[in-house]
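Spelled out from the first residue to the last, the chains are:
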Amino acid sequence: MIHKRYERHLSMMSISINGSGYSQIEPDRVDLLRFPAVSDIPWTWATLYPGDCIFIPGGYLHQVRSYGRSISQTVLWTPTKFFHDDDCTERNFSYTPLSEVDLLWTYLRGQKVIEMGYMNPELLRNNILTMAQEVGGRLTLEDFLEIYLQEIETNDPKEKSGATVKKVWKMMTHYSKKDYLDKEDIHQMPYELLKDLARSLDPPHDGY
């Protein structure tokens, strides 16, 4: 695991609007001639045995290797700007099994390849809210297109043309029934819509 402060040394491919990203460096055979700064980056590792779990802080770069057949589960916790911990020290928390937790992204039975690109829907909502705030609380297609193209890093002609952004905008305004989005519209977007938007903006991709 590597702290996110060292991203600039790790040849990251990322789309800053959604937080998804991966390094182009081959972790099993790091080319120090191309990436000499990697040798000075502090990192940590752990070995998990049956029944073990590990917490990886948000934003940390990490790579996982399994030896032999294994089954593992990853749970990504959604950060939110609306959480208040004022009463945490005084409350009595009851046990909640994972079977009762609302999981936004799940994998199909028997799926062998876990692709990258499962964007955090709540992070996407927060980013769209930030866009609206930047333009006075009322987001139009022109605003959305301009801000998005400033944020992303891509050489894809389709992305640069705004085709994906216009598709996503159509999905959002179909829900809001208006040609603009305000704070209330964005707050009320259901998770299924946000997941569809996430899939369009950041399709699954293989990374190291």
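Refer to the preceding data block for the structure.
Quick caveat: nothing in here was measured; it's all calculated off a predicted structure.

## What to know about the side chain of Ser200
Position of Ser200 relative to the elements: it lies in helix H6 (residues 191-201). Of note is the side chain of Ser200, whose polar atom sits 3.1 Å from the backbone oxygen of Asp196. Among residues more than four places away in sequence, those in contact with Ser200 are Thr164, Lys167, Val168 and Met171.

## Section: the packing of aromatic side chains
Taken as a whole, this structure holds 2 aromatic pairs when the rule is applied. Summarising the aromatic geometry, the rings of Phe144 and Trp169 are spaced 5.7 Å apart at their centres and angled 35 degrees between planes, so their arrangement reads as tilted. Of this pair, Phe144 sits in helix H2 (residues 141-151) while Trp169 sits in helix H4 (residues 163-176), and the two are 25 residues apart along the sequence. One exposure class covers both Phe144 and Trp169, and it is buried. Directly above the ring of Tyr191 sits Arg125, whose terminal nitrogen or CZ lies 5.6 Å from the centroid.

## With respect to the side chain of Asp185
As for its placement among the helices and strands, Asp185 is situated in helix H5 (residues 183-187). What makes Asp185 buried here is its relative accessible area of 10%.

## Overview of the pattern of salt bridges
Tallying each qualifying case throughout the model produces 5 salt bridges. One salt bridge connects Asp28 with Arg65, and the closest N-O pair in it is separated by 2.3 Å. Residue Asp28 is found in the loop between strand E2 (20-23) and helix H1 (121-134), and its partner Arg65 is found in the loop between E2 and H1; the two are separated by 37 residues along the sequence. Given the relative accessible area of 43%, Arg65 is considered partly exposed. Residue Arg125 pairs with Glu122 through a salt bridge whose shortest N-O separation is 3.0 Å. One end of the pair, Arg125, and the other, Glu122, are both in helix H1, 3 residues apart, so they sit about a helical turn from each other. Overall, Arg125 belongs to the buried group, its relative accessible area being 6%.

## Let's talk about the nonpolar core
Ranked by internal contacts, the top residues of the largest apolar core, which has 22 residues, are Leu124, Leu139, Phe144, Met172, Met189 and Leu197. Broken down by secondary-structure element, the contributors of at least two residues to this core are H1, H2, H4 and H6. Those residues in contact with Phe144 that sit more than four places away from it in its chain are Met131, Leu139, Val165, Val168, Trp169 and Met172. If you look at the next biggest cluster of nonpolar residues, it comprises 9 residues, including Tyr6, Ile25, Phe35 and Val38.

## Observations regarding a nonpolar patch on the surface
A surface patch of nonpolar side chains, amounting to about 400 Å² of accessible area, comprises Phe55, Trp77 and Leu98. Note that Phe55 resides in the loop between E2 and H1.

## Considering the environment of Tyr180
One can find Tyr180 in the loop between H4 and strand E4 (181-182). Once the C-alpha coordinates of Tyr180 and Phe144 are considered, the two residues, 36 residues apart in sequence, prove to be 9.8 Å apart.

## Describing unusual backbone geometry
Most peptide bonds take the trans form, and the phi angle of most residues other than glycine is negative. Unlike most non-glycine residues, Ser11 shows phi in positive territory, near 50 degrees. Along the chain, Ser11 turns up in the segment before strand E1 (12-15). Given the relative accessible area of 21%, Ser11 is considered partly exposed. One non-glycine residue, Lys177, lies in the positive phi region at around 65 degrees.

How each quantity is defined
Residues numbered from 1 in each chain as written. Predicted model: local features only at pLDDT ≥ 70, side-chain atom pairs only at ≥ 80, totals over all residues. Heavy atoms only, no water. Helix = DSSP H or I, 4+ residues; strand = E, 2+ residues; numbered from the N terminus. Polar contact = N/O pair within 3.5 Å; in protein donor to acceptor, adjacent residues only side chain to side chain. Contact = heavy atoms within 4.5 Å. Phe/Tyr/Trp six-rings, centres within 6.5 Å; stacked < 30°, edge-to-face > 60°. Buried < 20%, exposed > 50% of the residue type's maximum accessible area, 1.4 Å probe, protein only. Lys NZ or Arg CZ within 6 Å of the ring centre and 35° of its normal. Salt bridge = Lys/Arg side-chain N within 4 Å of Asp/Glu carboxyl O. Core = buried A, V, L, I, M, F, W, Y, C linked by side-chain atoms within 4.5 Å. Patch = residues over 30% accessible without salt bridge, like charges linked within 9 Å, V, L, I, M, F, W, Y side chains within 5 Å. Areas by Shrake-Rupley, 256 points an atom, 1.4 Å probe, with all protein chains shown as cover.

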